[in-house]
Amino acid sequence: MRRLTFLSILVGVTSTVTFAQNANQAAVDTLTKDVAKAVFANIKQPKAQEIYTQLLECADGCDPQQVIRSVGSWDQVGAKMQELSELKATQQFQGMSPGEANAAIRKQLARFYTAHRAEKPYSVPLSPAVQAQILAKIDGLLPPGEVIAPDSATSGSVVTTQPVSEDEEDKAAVAPSEGRGGTSDDKLFWMILAGFIAGLLGGAAAVYFLLYKEQKTEADQLRFDNSKLSRALDAAQRVKPANVPRQPQNPDQEKARAYDVLLGELGSDVDPLEAIRQLKQQSPPKAADPAPRSGEPVIEPDATLESALVQNQPPLPPLPPLDPLPPLNQTRSEVFYFPPPDPNGQFDITQKSTSLLPESAYRFSISADDPLVATFRFEADPGRVARFLTYRNYMIEPACESENSYTNAYTRIAMRKDGQAVFENGTWRVKTKALIRYE
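Model, not experiment: these values are computed from the prediction.

Tallying secondary structure elements over the chain gives 16 helices and nine strands in all. Scored against the burial criterion, the 439 residues of the chain give a buried share of 28%. Across the chain, the fraction of contacts at a sequence separation of at least 24, relative to all contacts at a separation of at least 6, is 64%. A total of about 29,900 Å² of accessible surface is found on the chain, and carbon and sulfur atoms cover 57% of it.

Looking now at the sheet that holds strand 5 (residues 400–402). The strand order across the open sheet built from three strands is 5-9-6, with neighbouring strands paired in mixed fashion. If you trace the sheet from one side to the other, it starts and ends with strand 5 and strand 6 (413–417), each paired once. Strand after strand, the sheet turns through a mean of 40 degrees between neighbouring axes, direction not considered. In this sheet, strand 9 (residues 434–438) lies alongside strand 6 in antiparallel orientation, the contact comprising four bridges. Bridge pairing links I413 to Y438 in strand 9.

At a closest axis distance of 10 Å, the pairing of helix 2 (residues 46–57) and helix 3 (residues 64–71) adopts a crossing angle of 145 degrees. Taken as a pair, helix 2 and helix 3 cross one another with a handedness that is right-handed. Counted together, K47, E50, I51, Q54 and L55 of helix 2 and P64, V67, I68, S70 and V71 of helix 3 form the full contact between these two elements. Of the residues contributing to the contact of helix 2 with helix 3, the split by class is six nonpolar, two polar and two charged.

In space, the six strands of this open sheet follow the order 1-3-4-7-8-2, with antiparallel pairing throughout. Only two strands of the sheet have a single partner each, and these edge strands are strand 1 (333–338) and strand 2 (346–347).

The next thing to look at is the side chain of R387. Within the secondary structure, R387 is located in helix 15 (residues 385–390). The exposure class of R387 is buried, given its relative accessible area of 18%. In contact with R387, not counting residues within four places along its chain, are L222, D225, E359 and M395.

Those residues of helix 3 that sit buried are P64, Q65, V67, I68 and V71. Here the buried residues of helix 3 occupy an arc of 160 degrees about the axis, which is enough to place them on one side. Looking one or two residues past helix 3, G72 carries a phi angle of roughly 90 degrees, positive in sign.

The subject of this paragraph is the side chain of Q108. Note that Q108 resides in helix 6 (residues 98–116). Under the relative-accessibility criterion, Q108 is labelled buried at 12%.

How each quantity is defined
- Residues numbered from 1 in each chain as written.
- Predicted model: local features only at pLDDT ≥ 70, side-chain atom pairs only at ≥ 80, totals over all residues.
- Heavy atoms only, no water.
- Helix = DSSP H or I, 4+ residues; strand = E, 2+ residues; numbered from the N terminus.
- Buried < 20%, exposed > 50% of the residue type's maximum accessible area, 1.4 Å probe, protein only.
- Contact = heavy atoms within 4.5 Å.
- Areas by Shrake-Rupley, 256 points an atom, 1.4 Å probe, with all protein chains shown as cover.
- Pairing = 2+ DSSP bridges.
- Axes fitted to C-alpha atoms, helices over the stretch in contact; angles between N-to-C directions.
- Left-handed = near helix turned anticlockwise from the far one by under 90°.
- Nonpolar A, V, L, I, M, F, W, Y, C, P; charged D, E, K, R; others polar.
- Arc of directions from axis to C-beta.

As C-alpha cells, then:
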C-alpha cells in the first residue's frame, strides 16, 4: 500500500514538472512569435510580408525561425529571434516554476530590447505599449511573477525615433547592431566575404603581373628589332667611297725608274745616253705624202667636203612650234617606304627608303603640288605580313583602323582607304589613319 502511494506521488510530481516545462517553453515560443510579428509588420517588402502572413496563420506554438528560414532572405532577423528562444533550451529555465519562468521571460525581453533599441526595425515595433501587450499574453500562459517594467533597463526613457523609409528599414534590419558584435553567422559571412575579396585582389594582381611581364618582353623585343633594323638601314644608306684615282707619280721618279730599266737591258758597260743617240740616228726619216698622179681625184680636207655638201642641200622647212612643257613641280611625284611608326604615329625619317625593304610596311606617295602632305597605305613584303599581324598593336594599329576584329584565322591585310600623313618638325606624322580589313 505504501509502495503504491509513493508511485502515485512520483507520477504526479513528474506530470507537474513536465507540464511546467511545456508551459514555459510554449510561453517562450509565444514571445518569439509575437516579437517577430511586430518586427515584420512594419517592413514593407514582399518576402517580409509573406513571413508576417505565415506568422499570423500559424498556431501559438509554431517556431518563427523555421518560418523565416522557409521563406528566406531574412536570416539576420531569424538570428536575432534565436536570442529570444535560447532561454527555453536552458535546463535551469525548464526547472523553474511558472512565476519564475514569467519573470525570466520579462527579463529576456528587456535585455533584447536594450540590446537592439538603436536599430529602427526593433525600436519602433517594440515600443513599451507593444511590449506590454506581449507580456499580457505571457501572463495568460504563466501566472505573473515579479513585475518588471518593459523598459526598466532603459532608465524610464523611451527612445524617440523619426519615421523612416522602407529602404532604410530593410537596410537596418540586416545590419549588425551598433557597439555590439554580430552573431557567429555574421562573422562567418564577413570572413568569407573578406577572403573572397582578398582572393580576387590576389588573382587580379597575378594576372596584371603576367600581362605586364609579357608586354614588357614583347616591347623589349620590338625595341631590339627596331634598333637592329636601324643599324642595317644606316649601313645600307651609308655612301660608299668610290675608287680613288691613282695619283700621278713624280716625273723625276718615273724617269729614274725608266733609266734603271734601260740600264738593266743594256748592261753596266754601255752608256745609256750614247745608246739613245745611236738609236735616234738609225731611225729612218718620215716619208712625205706622195704627190697625186695625173687623173686621180684629189681628196680635199674634211672641212671642205662638209661645206660642199651643206651648200648643195635644199633648205629644210621650218618646224612647227612645240607645246610649252608644264612646270616640273606639277608633274613630278615621289614614292618611298617607311617601317611602322611609333605609338604616337610618327615615322623615323632616318629609316626612309626609296625601295621596298624587308622591314618596310607603309608606302608613301607625295604630289609635287603639296610636298608636305602624303598619302600612305599598308604595303609590305608578303613573307613579313605574319610578323606584322603578330605585333599589330605596335606595327599596324598606330597607323591603321580595321573594319573587323582580328582573329588568328586571318593571314593577310586588304586596303580599304589610304591614310594621310603630314610633314612636321622634320618628320612624317599620321594625320588620318588608313582603313584596312583583316582577311
